[in-house]
2 protein chains.
Amino acid sequence: MRTYLECYSCLVRQTFSASQYAGADEPTQRHVMNRVLGALQELNPYSTPPETADLIHRLIRQETGNPDPYRQLKEKSNRDALELLPWMEELVRSSPDPFETAVRLAIAGNIIDFAPNDTYDLRKSVENVLSRPLYKNDVAALQAALQGANWVLYMADNAGETVFDRLLLEQIYPKPVRYCVKPGPAMNDALLEDALAAGIDRYAEIISTGYDAVGVIFERASPEFLDTYAAAPLIIAKGMANYETLSEQGSRLFFLVQAKCSVIAEDMHAPLGSLIAARGT
Amino acid sequence: MRTYLECYSCLVRQTFSASQYAGADEPTQRHVMNRVLGALQELNPYSTPPETADLIHRLIRQETGNPDPYRQLKEKSNRDALELLPWMEELVRSSPDPFETAVRLAIAGNIIDFAPNDTYDLRKSVENVLSRPLYKNDVAALQAALQGANWVLYMADNAGETVFDRLLLEQIYPKPVRYCVKPGPAMNDALLEDALAAGIDRYAEIISTGYDAVGVIFERASPEFLDTYAAAPLIIAKGMANYETLSEQGSRLFFLVQAKCSVIAEDMHAPLGSLIAARGT
């Protein structure tokens, strides 16, 4: 997926938010904004949204001097999600179809994302997702594919969402899983510390893409990650950035995501806000 | 009010929407976007949002070659609002306080605005506004001020909203009113033809600011308008752009507006989405 002109307003809004999160004073915020407006004018129209976000958030980190503007928000996300964990575990335990409920919860966790609209009510969102039909529902195919796979590569998305992923990892356990985070700050994406805060290490080996940007940028990922990615018999990919960078990578991929922006929704041929558990093509 | 960094994402979104409304092809849309990003880099930080919007929408009109990108949307707004007119007239007629109901309807009409979020459900919004309290309620003061004024200057906002204004003008009638529109296309602001479509000429003399931008830019308004503005004993100003340019012009002004963006809401010390009938200071 490429960066559409429709994406620009969102990138500009992120610039404003991230500069504020970074604690920059107003002249610095204005300087950062001007740098980003300049970068957007020179943008390669074929770059993916995560490549563009990489460029912009790297600029923001450099110019504000804050190496991790989203750190506090990520910690809050972890805490908020961990508070819901006992309740969610009970939801899975008492469900007639624990696997599907765990998949739905993993999708529900995808609401934790400060990029598209900065506010959300976590518990309400979880209840909402559990009550709505999946717009694309390849859950049975995912369950069947899991039976046939020796191990699984699980591409994480945001901090806090990691807690929701844990519920699905519990269902996949004891099948080996490699849970892939980012090696350094990239918006509010999960890092090793966020995966550990969620207790992911009880159910999976934690690895990283080797490059501190959202999604996967193959040209910059580490050789170790690329080997792992190439070898994986089954890949579960969470969230929009992973969809944006992996959407044309074949049927061993399953995307668990909420279509939170109209550009992605259109690309998925799904209504805005849809809950998606879709096998790749 | 000045153009805050928080406003930039909205201006960029408007650029995308307006280029599409103008029917521009993608290379033209990209060219327009780059021109606007460049203009934002060079923006005087003390310009008001309507001055900035003027700069941007003038660029869009020039570069797309479409003198009125919002024409079709304005016509649709007029039609949609006129469809609701008999129902709204009955609401006023059957109200225990027809004046306040008419004021509320004039505020409800302010939802017709493609700038802040591009979609709305008109009848639902009207019902919603009628059911919610006004966050600032200077309706009694407005009614008293009307008693003491010989005539009224009414600053219109968007096309379609004009139909809602008509209900309030009916209440003010036969006191003379000058209803002020824009002399040429400025986003979806009402022009003479939109005021006529709403039947405003039955209740008011239709005048214009003399300059084709949203709100009032005093440096560019016509001498005729400036004379009228200076002489007006009472001014009713609709919508955000009028608030942004007239908010510090004294107690002969009354603002009827919905606080549809967080910047305006903060400036008004009101929650986002508030319904406002506020006397100026």
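Every value quoted in this text rests on a predicted model; they were computed, and no experiment measured them.

**Looking at the packing of aromatic side chains**
Remark: the centre distance and the inter-plane angle together describe each pair of aromatic rings, the angle taken between the planes.
Step number 1: With the rule as written, the count across this model stands at 12 aromatic pairs over all chains.
Step number 2: Over the ring of Trp87(A) we find Arg123(A), and its NZ or CZ is 4.1 Å from the ring centre.

**Side note on the sheet that holds strand S5 (residues 235-238) of chain B**
Residue and element names in this part refer to chain B.
Step number 1: Strand order in the open sheet formed by seven strands is S1-S7-S6-S5-S2-S3-S4, and the pairing between neighbours is mixed. Because the sheet does not close on itself, it has two edges, and the strands there are strand S1 (136-137) and strand S4 (205-208).
Step number 2: The pairing of strand S2 (residues 152-155) with S5 spans three bridges and is classified as parallel. Opposite tyrosine 154, over in S5, you have isoleucine 236 as the bridge partner.
Step number 3: The strands touched by helix H11 (residues 223-231) are S2, strand S3 (177-181), S4, S5 and strand S6 (253-258); relative to S2, the strand with the most contacts, the crossing angle is about 120°.

**Some details on the relation of the copies chain B and chain A**
Relating the two copies of this chain is a rotation about some axis coupled with a shift parallel to it.
Step number 1: Between the two copies, chain B and chain A, the superposition gives an RMSD of 0.0 Å; the rotation angle is 180° and the shift along the axis is 0.1 Å. The relationship between the two copies is best expressed as a two-fold rotation axis. By C-alpha distance to the rotation axis, the residue of chain B lying nearest is Ser9(B), at 2.3 Å.

**Things to note about the nonpolar core**
Step number 1: By size, the foremost hydrophobic cluster in this structure holds 102 residues, and its most contacted members are Leu40(A), Leu153(A), Met155(A), Leu40(B), Leu153(B) and Met155(B).
Step number 2: Discounting residues that sit within four places of it in the chain, Leu40(A) has contacts with Tyr8(A), Leu11(A), Val12(A), Thr52(A), Ile56(A), Asn34(B) and Leu37(B).

About the cut-offs
- Residues numbered from 1 in each chain as written.
- Chains lettered and ligands numbered in written order.
- Predicted model: local features only at pLDDT ≥ 70, side-chain atom pairs only at ≥ 80, totals over all residues.
- Heavy atoms only, no water.
- Phe/Tyr/Trp six-rings, centres within 6.5 Å; stacked < 30°, edge-to-face > 60°.
- Lys NZ or Arg CZ within 6 Å of the ring centre and 35° of its normal.
- Pairing = 2+ DSSP bridges.
- Helix = DSSP H or I, 4+ residues; strand = E, 2+ residues; numbered from the N terminus.
- Contact = heavy atoms within 4.5 Å.
- Axes fitted to C-alpha atoms, helices over the stretch in contact; angles between N-to-C directions.
- Least-squares fit on C-alpha atoms with pLDDT ≥ 70 in both.
- Core = buried A, V, L, I, M, F, W, Y, C linked by side-chain atoms within 4.5 Å.
- Buried < 20%, exposed > 50% of the residue type's maximum accessible area, 1.4 Å probe, protein only.

No statement about biological role is implied by the geometric values presented.
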